[in-house]
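Topology and contacts: notes
Given next are the chains, with one letter for each unit.
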Amino acid sequence: MVKAVKPADLRAKTPDELEARLVELKREQLNLRFQQATGQTEAQSRVRVVRREIARIKTIAAQNAKNVAGAKTSAANA
């Protein structure tokens, strides 16, 4: 079973790397849904892991965007 990526590892990545990983996971999620619908899926737990990793990446991307926006606002006020 493939383990999920830790949040610290995701925070170290650039926004482009996060976006690329998100696209990969969305594609995998789609494939898993098709497998599940046709009864071919072998790793039921992988669906949950993928879904949580997508949420983790989206959360970190939102935090990064908020930090960047806050830094711009602080620089403009100074």
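How each quantity is defined
- Residues numbered from 1 in each chain as written.
- Predicted model: local features only at pLDDT ≥ 70, side-chain atom pairs only at ≥ 80, totals over all residues.
- Heavy atoms only, no water.
- Salt bridge = Lys/Arg side-chain N within 4 Å of Asp/Glu carboxyl O.
- Helix = DSSP H or I, 4+ residues; strand = E, 2+ residues; numbered from the N terminus.
- Buried < 20%, exposed > 50% of the residue type's maximum accessible area, 1.4 Å probe, protein only.
- Axes fitted to C-alpha atoms, helices over the stretch in contact; angles between N-to-C directions.
- Parallel < 35°, antiparallel > 145°, perpendicular 65-115°, else oblique.
- Left-handed = near helix turned anticlockwise from the far one by under 90°.
- Contact = heavy atoms within 4.5 Å.
- Nonpolar A, V, L, I, M, F, W, Y, C, P; charged D, E, K, R; others polar.
- Expected span 1.5 Å × (residues − 1).
- pLDDT = per-residue confidence, 0-100.

Regarding the pattern of salt bridges
In the structure shown here, the tally under the stated rule is three salt bridges. Note that glutamate 24 and arginine 21 form a salt bridge whose closest N and O atoms lie 3.2 Å from each other. Of this pair, glutamate 24 and arginine 21 both sit in helix H2 (residues 15–38), three residues apart, which is roughly one turn of the helix. On the accessibility criterion, glutamate 24 (43% relative accessible area) is partly exposed. Glutamate 53 serves as the salt-bridge partner of arginine 21, at 2.9 Å between the closest nitrogen and oxygen. You can see arginine 21 sitting in helix H2 and its partner glutamate 53 sitting in helix H3 (residues 44–77), a full 32 residues away along the chain. Residues arginine 21 and glutamate 53 agree in their burial class; the two are buried. Counted as one network, the salt bridges with shared partners bring together Arg21, Glu24 and Glu53.

Considerations on the packing of H2 against H3
For the pair H2 and H3, the least separation of the axes is 10 Å and the interaxial angle reads 155°. With respect to each other, H2 and H3 are oriented roughly antiparallel. Here H2 runs over H3; the crossing is left-handed. Counting all contacts with H2, which are made through Leu18, Arg21, Leu22, Leu25, Lys26, Glu28, Gln29, Leu32 and Gln36, the residues of H3 involved are Gln44, Arg46, Val47, Val50, Arg51, Glu53, Ile54, Ile57, Lys58, Ile60 and Asn64. A breakdown of the residues in the contact of H2 with H3 according to their chemical character gives nine nonpolar, four polar and seven charged.

Overview of H2
With 24 residues, H2 should cover 34 Å at 1.5 Å per step; its first-to-last C-alpha distance of 35 Å lies within 8% of that length. Buried residues in H2 make contact with helix H1 (7–11) and H3. Looking one or two residues beyond H2, the residue adopting positive phi is glycine 39, at roughly 75°.

Observations regarding the confidence of the model for the protein chain
Averaged over all residues, the pLDDT of the protein chain equals 89, while 94% of them reach at least 70. At the level of individual helices and strands, the protein chain shows its lowest average pLDDT in H3, which scores 89, and its highest in H2, which scores 94.

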